[in-house]
Amino acid sequence: MPVGIFRVCLVVITAIVNHPLLFPKENGTVPENAEEIIQKMKEREESLRLEKLRLEQEIAHQEATQKTLEKAAEVVEESKEEKVRWDMWTALSMVIFLLIELWRQDFQEGNWQDTGGEEDDMAVLGRAFKGVAFPDKAILASFYEKRILGTTGDMARMREMVEGFADDLLEALRSVCNRDADMEVEDCMGVGSMYENWRVRKPFVCDLIVPFAPPDPYCFRSQTWCSGDSFPPDEQGYGTIKVCRADEDVMGCICDKTKLGEDMLCLLHSQANTTRPSSEMEDLLCFKNTQYLDADQVMKWFQIAVTKAWNRISHKYEFDLSFSLLDSPGALKIKFRSGKSIAFNLTPVVQYENSDVYFISHFPRCGLAADLPSGTHWFLTFAVYERRFIQLVSKMLPANACHVSCLQILSFLHGKQCSLTGPSGLTNYHLKTVMLHLLQARPSQDWAPEKLEARLQDMLKFLEKCLHEKKLYHFFIGNRKVPAELGFPIIFQRAEPLNLFRPFVLRRDIYRKTVDTFHEMLRNMSALINEYTVHIPLAHTNGIHKESL
């Protein structure tokens, strides 16, 4: 723009300087061809005017271009400022997210499973209890005595018989196995409801686990989902078992993880040590072309070994032994000549390091049971620690405490309802987990025998809350309040809590069926209990109410 103004000024000055009238000749007379000169001056003036218009248009165009550039620069500057503001908001959001995550972890450490122990929390729940007639103490006591208490003696006799036969069967199994090539089988252990004294529904089934180990010079090296490596959400609670030589480095050599060139050799391992024949690993029950223990191979091996062991000792017994379920490796059934039968599970497991946590090959089928991610993934069972925890807590509770009674009644009601309306996603293990959470949350005096009715309501309301939130944490995983007397592995205490109700989030059909079954059980609760309850006179019931008041 300054260049254009300078051009206009230069033209005007030039015109003025060259004007003939400004500097007349010395004689001061007007030449004779004045008209011709005036005509030329007019033409010159017209040309200057046109030039001025052209220059003004050019200046206007340059001004418009300049304004456009300035606006573009302003837009770019605004976009930069907006981006800076957006980056600031993003950073601020990340900081807030991290703070929330830290708060969540702290909250989980302090109260990782909300048990609803406070009265205000319990008042918020119980929507499903509206209009439900809950049995009183007298009816519950009569029901427990008539229907449940009498089964304790039957369970004790059955446990004794099954354990004796299982020991004999495993001893025969060891004798038929090749000690130099086959797996080494240890003594069995009883776990589950039969050994925690809360099994109520028939047929009674004893659950026995049998640890086994590989032959020398091999060993098992396990890896769990919480050992540091990332596992997908659907593999939480699982682990893998690698079969290694006992003299191998725990961390493994780099030659196992990196392809060495043809002209490179590992100085620690010779070619004979690093390459194992595929048939050798399959003999060790590994998945094809891997070193990882395969649950299906273990199932086949165990069934064959049990069959051989039974053939060796069958002449000593007056009954038959058979496998009752095809998809469970140790689901056995004893059939007497009288027609009666006894079922029990003899399941092979692998010990996790030096603890009483075990990798289990198969679980009994249930509504929420999901297929294993692969044959090399094993689920972890904490059944031994669960039994120890119940025994430990029972020593600190009042005499004849009602915790086991509550679990037995709840298990009976749920089983009866499932027999009427079909199976649901709830299992007895979920019910036991509810009891374990409440045992840890409530003081010992709250489990006195006269508080059976109140504690049963607490378990039902807590279960309702968990179903509503689709969240029921595993009792041991992520629980940092586990008593030190149990010697529970710290790696599982520090792990993220494991939600046992996660399948409900993925399967809405199972969740809907489970909730409907639970609500139907609440509505039928009085009828189910009264069906197995001895008639109690009204006066006696009133007397009990007066004593409790």
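Up top is the structure.
Residues numbered from 1 in each chain as written. Predicted model: local features only at pLDDT ≥ 70, side-chain atom pairs only at ≥ 80, totals over all residues. Heavy atoms only, no water.

## Digging into the pattern of salt bridges
Inference 1: Under the defined criterion, the tally for this structure stands at 18 salt bridges.
Inference 2: Measuring nitrogen to oxygen at the nearest pair gives 3.5 Å for the salt bridge that ties Arg54 to Glu58. With Arg54 and Glu58 both in helix α2 (residues 34-111) and 4 residues apart, this pair spans about one turn of that helix.
Inference 3: A relative accessible area of 42% places Arg54 in the partly exposed class.
Inference 4: Under the relative-accessibility criterion, Glu58 is labelled partly exposed at 29%.
Inference 5: Linking Asp187 and Arg174 is a salt bridge whose minimum nitrogen-to-oxygen distance equals 3.0 Å. Here Asp187, found in the loop between β1 (184-185) and β2 (189-191), pairs with Arg174, found in helix α5 (residues 151-176); they are 13 residues apart in sequence, far enough to count as distant.
Inference 6: A relative accessible area of 56% means that Asp187 is categorised as exposed. (Salt bridge = Lys/Arg side-chain N within 4 Å of Asp/Glu carboxyl O. Helix = DSSP H or I, 4+ residues; strand = E, 2+ residues; numbered from the N terminus. Buried < 20%, exposed > 50% of the residue type's maximum accessible area, 1.4 Å probe, protein only.)

## Overview of the packing of aromatic side chains
Inference 1: One pass over the structure, following the stated rule, counts 28 aromatic pairs.
Inference 2: Among the aromatic side chains, those forming a connected cluster through ring pairs are Trp225, Tyr352, Phe359, Phe382, Tyr385, Phe389, Phe475, Phe476, Phe488 and Phe492.
Inference 3: The ring of Tyr195 is capped by Arg159, whose NZ or CZ atom sits 5.9 Å from the centre of that ring.
Inference 4: One Lys or Arg, Arg388, reaches over the ring of Tyr385 and ends 5.6 Å from the middle of that ring. (Phe/Tyr/Trp six-rings, centres within 6.5 Å; stacked < 30°, edge-to-face > 60°. Lys NZ or Arg CZ within 6 Å of the ring centre and 35° of its normal.)

## Observations concerning unusual backbone geometry
Inference 1: Looking along the chain, the bond that leaves Lys202 and enters Pro203 is cis, with omega of 5 degrees.
Inference 2: Its location among the elements puts Pro203 in the loop between β2 and β3 (205-213).
Inference 3: In this structure, Pro217 follows Asp216 across a cis peptide bond, with omega equal to 5 degrees.
Inference 4: Along the chain, Pro217 falls in the loop between β3 and β4 (218-224).
Inference 5: Despite not being glycine, Asn289 has its phi angle at roughly 60 degrees, a positive value.

## A look at the nonpolar core
Inference 1: By size, the foremost hydrophobic cluster in this structure holds 113 residues, and its most contacted members are Leu169, Leu293, Phe344 and Leu346.
Inference 2: Residues contacting Leu346, with those up to four places away along its chain left out, are Ala166, Leu169, Leu170, Cys188, Leu208, Val210, Phe302, Gly330 and Leu332.
Inference 3: Judged by nonpolar contacts, the second largest core, of 7 residues, contains Val191, Ile209, Val349 and Ile360. (Core = buried A, V, L, I, M, F, W, Y, C linked by side-chain atoms within 4.5 Å. Contact = heavy atoms within 4.5 Å.)

## Re the pairing of strand β10 (residues 378-381)
Inference 1: Sheet analysis places strand β5 (residues 238-245) next to β10, joined by 2 bridges and oriented antiparallel. Pairing of Tyr238 across the sheet is with Phe379, part of β10.
Inference 2: Here 3 bridges tie strand β9 (residues 358-360) to β10, and the two strands are oriented antiparallel to one another. Its bridge partner being in β10, Tyr358 is matched across the sheet by Thr381. (Pairing = 2+ DSSP bridges.)

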